[in-house]
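Descriptive structure summary
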Amino acid sequence: MNAHSSLPDTHAARPDQRALLWNPDAAACWSLLFTPLFGTILLIRNWEALGEPKRAVQACWWFAACLVAFVLNFYMSLLREASLPLQTGLIILLLIWYIAVASPQERFVRERFGTDYARHSWAIALPCALVLLIAYLLGYRHLLAVFQQVH
């Protein structure tokens, strides 16, 4: 095990190996559609692959904060009986998240590797994110219908 007890000592976590990374720029852009939760998961995995356990833990805290914000947004939207669970606060959260979480990793990767690094394929991550987004929206619509019948 390495310095972070939950991270296995894999070839990706050792600095002498070439890290396989999610493109942090693309992860930030996809987070516009799939929320900072999606981007944060990918950035956490990047920090782990880069052998930066402290930064991975910081990103985990951001994931928890974003999750709390999205749960609160979900319930606030239900209470307002909004047709979609989108509040202005989530846009502000996205901007803060980008400045605090995504941008530092973009700079780190650019300074360390430039554009010459091994990249993960998006072939699994994007369809999974799309399925989760659709499930979230359909679940919201269903709960909104139930909520409206009760009131």
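Model, not experiment: these values are computed from the prediction.

The pLDDT averaged across the protein works out to 87; a share of 89% of its residues lies at or above 70. Considering only residues more than four positions removed or in separate chains, one finds that residues 9-16, a stretch of pLDDT under 50, has 13 contacts.

For the coordinates displayed, the defined rule picks out nine aromatic pairs. With a centroid separation of 6.5 Å and 40° between ring planes, the pair formed by F38 and W122 is classed as tilted. Of this pair, F38 sits in helix α1 (residues 24-49) while W122 sits in the loop between β2 (118-119) and α4 (125-150); the two residues are 84 residues apart in sequence, bridging distant segments of the chain. Comparing F38 with W122, the two get one shared label, buried. Ring centres 5.6 Å apart and planes at 55° place the aromatic pair F74 and Y136 in the tilted group. Separated by 62 residues along the polypeptide, F74 in helix α2 (residues 53-80) and Y136 in helix α4 bring together distant segments of the chain. Looking at F74, the relative accessible area reads 13%, which means it is buried. Overall, the relative accessible area of 27% leaves Y136 in the partly exposed class. Across the ring face of Y117, the terminal group of R119 is positioned such that the distance to the ring centre comes to 4.0 Å.

Moving on: the environment of S103. Looking at the secondary structure, you find S103 in helix α3 (residues 88-113). Relative accessible area serves as the criterion here: at 13%, S103 is assigned to the buried category. Between the C-alpha atoms of S103 and A28, which are 75 residues apart in sequence, the distance is 8.3 Å.

In this structure, A56 sits in helix α2. Of the residues examined, A56 reaches a relative accessible area of 3% and is grouped as buried. When the C-alpha positions of A56 and N46 are compared, they lie 8.0 Å apart, and in sequence the two are ten residues distant. The contact partners of A56, leaving out residues within four places of it in the chain, are I44, W47 and E48.

The next thing to look at is α1. Working note: α-helix, 3.6 residues per turn, so residues spaced by three or four point in the same direction. Taking 1.5 Å per residue as the helical rise, α1 with its 26 residues ought to reach 38 Å, whereas the 13 Å between its terminal C-alpha atoms falls clearly short. Of all the bends in α1, the largest measures some 140° and sits at F34, one to four residues before the proline P36. Burial of α1 is extensive: 19 of the 26 residues sit out of reach of the surface. Its side-chain oxygen at 2.8 Å from the backbone nitrogen of D25, N23 defines the N-terminal cap of α1.

Procedures and definitions
- Residues numbered from 1 in each chain as written.
- Predicted model: local features only at pLDDT ≥ 70, side-chain atom pairs only at ≥ 80, totals over all residues.
- Heavy atoms only, no water.
- pLDDT = per-residue confidence, 0-100.
- Contact = heavy atoms within 4.5 Å.
- Phe/Tyr/Trp six-rings, centres within 6.5 Å; stacked < 30°, edge-to-face > 60°.
- Helix = DSSP H or I, 4+ residues; strand = E, 2+ residues; numbered from the N terminus.
- Buried < 20%, exposed > 50% of the residue type's maximum accessible area, 1.4 Å probe, protein only.
- Lys NZ or Arg CZ within 6 Å of the ring centre and 35° of its normal.
- Expected span 1.5 Å × (residues − 1).
- Bend = angle between axes of the 7 residues up to and from the residue.
- Polar contact = N/O pair within 3.5 Å; in protein donor to acceptor, adjacent residues only side chain to side chain.

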